[in-house]
Amino acid sequence: MLDVRGLKKVYEGSGRRVEAVRDLTFTVDAGELVCLVGPSGCGKTTLLKCMGGLLTPTSGEVLLEGRKVSGPPPGMAFVFQEYGRSLFPWMRVGDNVELPLKQKDLSKARRRELVRDALESVGLTDAVGAYPWQLSGGMQQRVAIARALAYEPRVLLMDEPFAAVDAQTRADLEDLVRGLWRDRGITILFVTHDIDEAVYLGERVLVLSASPTVVQEQLKVDLPAERDQLHTRVDPRFAELRTHVYEQIQAAKRGVVRDAVTKSDTPPPH
Amino acid sequence: MIGRLLLRLLFVVALPAVLVAVWWAASNGSTDPFWPPLRTILDTFPDVWTADRLRTDVVPSLLRLLGGYALAAAVGVALGTVIGSYRRVRAVCEPVLEFLRAVPPPVLVPVIMLFAGIGDTMKIVVIASGCVWPILLNTVEGVRAVDSVMLETARSYGVTGFARLRHLVLRSASPQIFAGLRQALSIGIILMVISEMFAANNGIGFTVVQFQRSFAIPDMWTGILVLGLLGFLLSVVFQLVERRVLGWYRGLRATTRRS
């Protein structure tokens, strides 16, 4: 579904050369929910923007369903961290969700249906006529998610979408994302710096190293598909997995890259 | 509710009422022919500003103002969008713009008369040439300041080309564009009067000069009152339009201030 091959991104400007991403190779299968986690400043956003066609990689390539990504592909939707700067404050919620659809060749009735359906999925049917700034942060991010859903993407890229909302809202939104993923069968790539969030949400967790970034480890999350905030987070297996990821990130910060790009499966129990 | 409304009305009316009263009292016993009592001016008013004169002088003035202002708005926003969107164009244009903006528009009247004659075209060009700068420069700033996350959002969702301009760039720049339009409106009224004082056979500015030259001093004063009222009315209309178009911006600002 999604192939990242030898991706490298170097920013050059004003005499400074920053190698944000060195060499990333991984695959996301159709219908998978993969979390990318890594130390802050490790080029997660750069990676996601390259995948979404918003940035051109210095070398390497991103393939979506076998085709090379050279600009934002129509089958992909993006949810940004800064919801307040991603929704248009001069448009009502319904218009914000509908705007991307107007660029597609859809009838008005179909657009309406998609908007209604998407807002219903995130539980915001009543907010259709409100302006984004009249809503709370969590609700605004729900609108951004609804906009992505209405776009009917096959792949959803989420860039630390819940980093700026409070903990309780965050838990709700995490469950929302898992619910949508299970209902709609979308492939989701979720970037976060929160280890618990990565383990709770993902079917697989990719641990990235510190910048210049490579894949530190790939980890399958063998928690049951049915997860909830109350029980999953106290599951001993959850604790093991999060400890393992935590150790990996600490190692990444120290710069210890333990056989990069190899695919290790479940970590040994501690 | 009604009490509060009355109180607000009182606040709005209080100062103008005091000023008019002071003018009235100070000028009441005046025998200076150049400084007639306000009573005389107000008595003269209905005789001077008849329906006929509204048609022959006020309407032409307003049409010129509207024409020049609309032209300036169209050119200013269009050019400003282009300059604001491309860094290279901006680098080339900025020094020239700074120079042109610094030229006081009234000095252009004699120059514009040379090639545009003394008809309505000249007046519209004069008004437009003065109004265009605040609109243009504010549009440039507004377009430059479009949020990078919003631009990326638009790109990732395939909102490009004309849709991007219409739904993102111009809307995002609209608070600045309106700030420019507001400045341009007062400049426009000034230039409307000045252009009519230079060479014209009708218009409010022309009428005021005409009265002054024929020593019809109270009549001249009524012309000044008309200009003041006109400016006030236009600014009220402008505010109504702005409130409609920028309603979201006021709401957004109020929300961010509260949090």
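Residues numbered from 1 in each chain as written. Chains lettered and ligands numbered in written order. Predicted model: local features only at pLDDT ≥ 70, side-chain atom pairs only at ≥ 80, totals over all residues.

Colleague: I'm lost on the interface of chain B and chain A in this one. Help?
Modeller: Many authors give the size of an interface as the accessible area that is lost as the parts come together. Taken together, the contacts link 18 residues of chain B with 19 residues of chain A. Elements supplying a minimum of two residues to the side of chain B that touches chain A: helix 7 (148-156), helix 8 (161-198) and helix 11 (247-258) of chain B. Tallying contributions element by element places helix 7 of chain B first for the side of chain B that touches chain A, with six residues. Broken down by class, the residue content of the side of chain B that touches chain A amounts to eight nonpolar, six polar and four charged. (Contact = placed C-beta atoms within 7 Å. Helix = DSSP H or I, 4+ residues; strand = E, 2+ residues; numbered from the N terminus. Nonpolar A, V, L, I, M, F, W, Y, C, P; charged D, E, K, R; others polar.)

Colleague: How should I be thinking about the domain arrangement of chain A in this particular structure?
Modeller: Residue and element names in this part refer to chain A. With domains assigned, chain A is organised as domain 1 (1-75 + 156-265) and domain 2 (83-152). The straight-line distance from the C-alpha centre of domain 1 to that of domain 2 is 25 Å. In terms of residue count, the dominant contributor to the side of domain 1 that touches domain 2 is helix 6 (residues 167-184) (four residues). Its residues placed into classes, the side of domain 1 that touches domain 2 shows eight nonpolar, one polar and no charged. (Domains from an automatic or database assignment.)

Colleague: Just to check I follow, could you spell out the pairing of strand 7 (residues 155-159) of chain A for this structure?
Modeller: Walk down a regular strand and you will see the side chains alternate between the two sheet faces. Residues and elements named next belong to chain A. For strand 7, the buried fraction is high: five of the five residues fall into the buried class. Side chains of strand 7 alternate between two faces, with V155, L157 and D159 and L156 and M158 buried alike. Note: strand 6 (residues 76-79) against strand 7, four bridges, orientation parallel. In the strand pairing of strand 7, F78 is matched with L157. Where strand 7 meets strand 8 (residues 187-192), five bridges bridge the pair, whose relative direction is parallel. Note that in strand 8 the partner of L156 across the bridge is I188. Handedness of the crossover joining strand 7 and strand 8 through helix 6: right-handed. (Buried ≥ 20, exposed ≤ 12 C-beta atoms within 10 Å, placed from the backbone. Pairing = 2+ DSSP bridges. Right-handed = clockwise from strand over helix to strand, strands pointing away.)

Colleague: What exactly am I supposed to notice about the packing of helix 3 (residues 93-102) of chain A against helix 4 (residues 108-121) of chain A here?
Modeller: How two helices pack is summed up by the angle between their axes together with the distance between the axes. Residue and element names in this part refer to chain A. One way to put it is that helix 3 packs onto helix 4 with a least axis distance of 10 Å and a crossing angle of 130°. Compared by their axis directions, helix 3 and helix 4 come out oblique. Helix 3 and helix 4 meet at a crossing whose hand is right-handed. Here G94, V97, E98 and L101 of helix 3 come into contact with helix 4, specifically with R111, L114, V115, A118 and L119. Residue composition of the contact of helix 3 with helix 4, grouped by class: six nonpolar, one polar and two charged. (Axes fitted to C-alpha atoms, helices over the stretch in contact; angles between N-to-C directions. Parallel < 35°, antiparallel > 145°, perpendicular 65-115°, else oblique. Left-handed = near helix turned anticlockwise from the far one by under 90°.)

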